[in-house]
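Spelled out, the chains give:
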Amino acid sequence: PGTKTERPVCGGPTSTSRRGRRGAMRARGAAPVGGRGVDLMARASPLARPAVATRRVARVAVGAGGGGGDRRALEPPACGAREYCVGHGAMARSRRVVPRALDSSSMHAPPTDDVDWDNLGFSCEHVSKTMMFVARATLGADGQTWEWKEEGVGPYGALAMDPSAQCLNYGQSIFEGMKAQRTKEGNLVLFRPSENAKRMRDGAARMSMAPPPEDLFLRGVKATVAANAAFVPPNGKGALYCRPLLLGSGPILGLGPAPSYTFLVYCSPVGSYFKGGQLDPIRLKVEEVEHRAAPGGTGNTKCAGNYSPVLNVQLEAKQRGFNDVLYLDAVSNTYVEEVSSCNIFAVFGNKIVTPSLGTILPGVTRKSIMDLARSKGFEVEEAPLAIDDVLRADEVFTTGTAVVLSPVGYIERGEEGREYQNTDVAMSLYEALTGIQQQTMDDPFGWVVTV
């Protein structure tokens, strides 16, 4: 396991004055975001600006993605810097870490008046007003460990990137989707963020990318939410959608992993994903020619390349009045897998069935709904789910971070169609899930994390 040494190096509080912040950033040689050599923290609005952010350096052993390696990155105290390392045996290396003052939930700004919260869609309409978090990874001198350097939170903007960047040529790009909610008490909360951190690490291992340590991932998400507190909608009006993104940003000509990586978190306030409203039953078209994923592929990874291939059939379906497309398995063309952007469930009396993992995405909302359903006394089964059985089900619904939980009102396969009148189970699980997410109900699972 990795080793750790501690060496406090500062003896006083961090300056919070603008002059102090600028001087501190100049002294540290803070790296610019998107190639802009500016004091990003000083440019932040008073409402959006979090506590002063300083550069943090961590080292992670190459190949430590997924389940391998000790990826601990220890949080230093607010008053001192520490050295810590991540790796195994001879790979373990230490690096000095300069601490950042943690954000205080009591300092969160109220919702801004610059957004029409009653007419909020799912788009990038307000993203240009927000702040984003950036960190970059390069190989250390030993060629065995990734060194992560945080650039902190700064204004949302373009990234400086070479045309030969790996992600632009060979597709090393994975992302996550998360939401921050504002509770009735005014707290800002996240839902199971460690699950997203784990899924990104697993995806990085599958795509041969440098995995962001869990503490870096969580710190970046929380810092982004805190910096954009004014864009977290009022309770019940929507959520702040957060998009952690890992890119193979380093240049490379031949096929191979990128020599460097960029991890960032940006966000946007959002309302309902599907047009018509959050709880309006959706219409799905079964796709029988093209497939989303195949056994042994990347269907269970949230990599960017999984999504654009669905657009041709999705756009055609939307032109015909459907909300989305339901995909079948690539081997027999008889078992449902998932919708373009969400998982699917079918209800048969007291039994709820969802397709097994393998070629589908292990959704965080999917996993949570399964646990909630079991807690309510339902029998929950992960198993191959034939489209013929789905068309005979009592109820069908979809789940995902963006869609939350949407009941299905109609499914069409070829010339055959089925309308679903019952949404009782879907509504019960939706109310239980959102009640926990917004802290209007007890959270016996410990899923909610306060920012």
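Analysis parameters
Residues numbered from 1 in each chain as written. Predicted model: local features only at pLDDT ≥ 70, side-chain atom pairs only at ≥ 80, totals over all residues. Heavy atoms only, no water. Helix = DSSP H or I, 4+ residues; strand = E, 2+ residues; numbered from the N terminus. Buried < 20%, exposed > 50% of the residue type's maximum accessible area, 1.4 Å probe, protein only. Areas by Shrake-Rupley, 256 points an atom, 1.4 Å probe, with all protein chains shown as cover. Salt bridge = Lys/Arg side-chain N within 4 Å of Asp/Glu carboxyl O. Axes fitted to C-alpha atoms, helices over the stretch in contact; angles between N-to-C directions. Parallel < 35°, antiparallel > 145°, perpendicular 65-115°, else oblique. Left-handed = near helix turned anticlockwise from the far one by under 90°. Contact = heavy atoms within 4.5 Å. Phe/Tyr/Trp six-rings, centres within 6.5 Å; stacked < 30°, edge-to-face > 60°. Lys NZ or Arg CZ within 6 Å of the ring centre and 35° of its normal. pLDDT = per-residue confidence, 0-100. Polar contact = N/O pair within 3.5 Å; in protein donor to acceptor, adjacent residues only side chain to side chain. Expected span 1.5 Å × (residues − 1). Core = buried A, V, L, I, M, F, W, Y, C linked by side-chain atoms within 4.5 Å. Nonpolar A, V, L, I, M, F, W, Y, C, P; charged D, E, K, R; others polar. Pairing = 2+ DSSP bridges.

Colleague: Please give an account of the overall build of the protein chain that cites residues and values.
Modeller: What the protein chain contains, in helices and strands, is nine helices and 21 strands. In the protein chain, which comprises 451 residues, the proportion classed as buried is 53%. For the protein chain, the exposed surface amounts to about 19,100 Å²; the carbon and sulfur share of it is 51%.

Colleague: Quick rundown of the pattern of salt bridges? Include the residues and the values.
Modeller: If you walk through the whole model with that rule in mind, you get 18 salt bridges. A salt bridge links aspartate 118 to lysine 237; its shortest N-O distance comes to 2.4 Å. Separated by 119 residues along the polypeptide, aspartate 118 in the loop between strand E4 (95-97) and strand E5 (131-139) and lysine 237 in the loop between helix H5 (214-227) and strand E10 (239-247) bring together distant segments of the chain. Relative accessible area serves as the criterion here: at 57%, aspartate 118 is assigned to the exposed category. Salt bridges linked by common partners bring Glu150, Asp215 and Arg219 together as one network.

Colleague: Could you give an account of unusual backbone geometry, naming the residues involved and the relevant values?
Modeller: Residue arginine 192 is not a glycine yet carries a positive backbone phi of 50°. Structurally, arginine 192 can be placed in the loop between strand E9 (188-191) and helix H4 (193-206). Although it is not a glycine, serine 208 sits at a positive phi angle of roughly 55°. Structurally, serine 208 is set in the loop between H4 and H5. Under the relative-accessibility criterion, serine 208 is labelled partly exposed at 47%.

Colleague: Can you tell me about the packing of H4 against H5, naming the residues and giving the values?
Modeller: Where H4 meets H5, the closest approach of the two axes is 9 Å, and the angle between their N-to-C directions is 125°. Relative to H5, the element H4 lies oblique. When the axes of H4 and H5 are compared, the crossing they make is right-handed. For the pair formed by H4 and H5, the contact residues are Pro193, Ser194, Asn196, Ala197, Met200 and Arg201 on the first element and Glu214, Phe217 and Leu218 on the second.

Colleague: Can you break down the packing of aromatic side chains residue by residue, with the values?
Modeller: Applying the stated criterion across every chain yields a total of twelve aromatic pairs. Where phenylalanine 191 meets tryptophan 447, the ring centres are 5.5 Å apart and the plane angle is 85°; that geometry is what we call edge-to-face. With phenylalanine 191 in strand E9 and tryptophan 447 in the loop between helix H9 (424-437) and strand E21 (448-450), the pair connects residues that are 256 residues apart, well separated along the chain. Overall, the relative accessible area of 12% leaves phenylalanine 191 in the buried class. Chaining the aromatic ring pairs together yields one cluster made of Phe122, Tyr241, Tyr273 and Phe274. The positively charged end of arginine 283 is found above the aromatic ring belonging to phenylalanine 322, 5.2 Å away from the centroid.

Colleague: Tell me about the confidence of the model for the protein chain, residues and numbers included.
Modeller: With 76% of its residues at a pLDDT of at least 70, the protein chain reaches an overall mean of 83. Within the model, the stretch residues 1-54 combines pLDDT values under 50 with 96 contacts to residues more than four positions away or in other chains. Segment residues 64-105: pLDDT under 50, and 128 contacts once partners within four positions in sequence are set aside and those in other chains are kept.

Colleague: For the side chain of histidine 108, give the residues involved together with the corresponding values.
Modeller: You can see histidine 108 is positioned in the loop between E4 and E5. A relative accessible area of 14% places histidine 108 in the buried class. Here the side chain of histidine 108 touches valine 451 through a polar contact of 3.0 Å, landing on its backbone oxygen. For histidine 108, the contacting residues outside a window of four places in its chain are Leu188, Ala226, Ala229 and Val451.

Colleague: Report on H5, specifying residues and quantitative values.
Modeller: Between the first and last C-alpha of H5 there are 20 Å, a value that for 14 residues agrees with the 20 Å anticipated at 1.5 Å per step. In terms of burial, H5 is a largely internal element, twelve of the 14 residues being buried. For H5, the full list of buried residues reads Asp215, Leu216, Phe217, Leu218, Arg219, Gly220, Val221, Ala223, Thr224, Val225, Ala226 and Ala227.

Colleague: Let's hear about the nonpolar core: which residues, and what values?
Modeller: Ranked by size, the top nonpolar core spans 44 residues in total, and within it Trp148, Val225, Leu246 and Phe263 carry the most contacts. Elements that contribute at least two residues to this core include exactly E5, strand E6 (145-155), strand E8 (178-182), E9, H4, H5, E10 and strand E11 (260-270). If sequence neighbours within four positions are ignored, leucine 246 has contacts with Trp148, Gln172, Ser173, Ile174, Met200, Ala204, Met209, Ala210, Pro212, Tyr261, Thr262 and Phe263. By size, the runner-up hydrophobic cluster in this structure holds 23 residues, among which are Phe191, Phe345, Leu405 and Tyr430.

Colleague: Kindly report on the packing of helix H7 (residues 364-375) against H9, identifying the contributing residues and their values.
Modeller: The geometry of H7 relative to H9 is characterised by a closest axis approach of 10 Å and an angle of 110° between their N-to-C directions. When the interaxial angle is binned, H7 and H9 end up roughly perpendicular. With respect to the hand of their crossing, H7 and H9 are arranged in right-handed fashion. Of the residues in H9, those in contact with Thr365, Ser368, Ile369, Leu372 and Ala373 of H7 are Leu429, Ala432, Leu433 and Ile436. Of the residues in the contact of H7 with H9, the class split is seven nonpolar, two polar and no charged.

Colleague: Can you break down the pairing of E5 residue by residue, with the values?
Modeller: In terms of strand pairing, E5 meets E6 through nine bridges, oriented antiparallel. Across the sheet, leucine 139 pairs through a bridge with tryptophan 146, a residue of E6. Between E5 and E6, which pair antiparallel and follow one another directly, the connecting turn spans five residues, one of which, glycine 143, has a positive phi of 70°.

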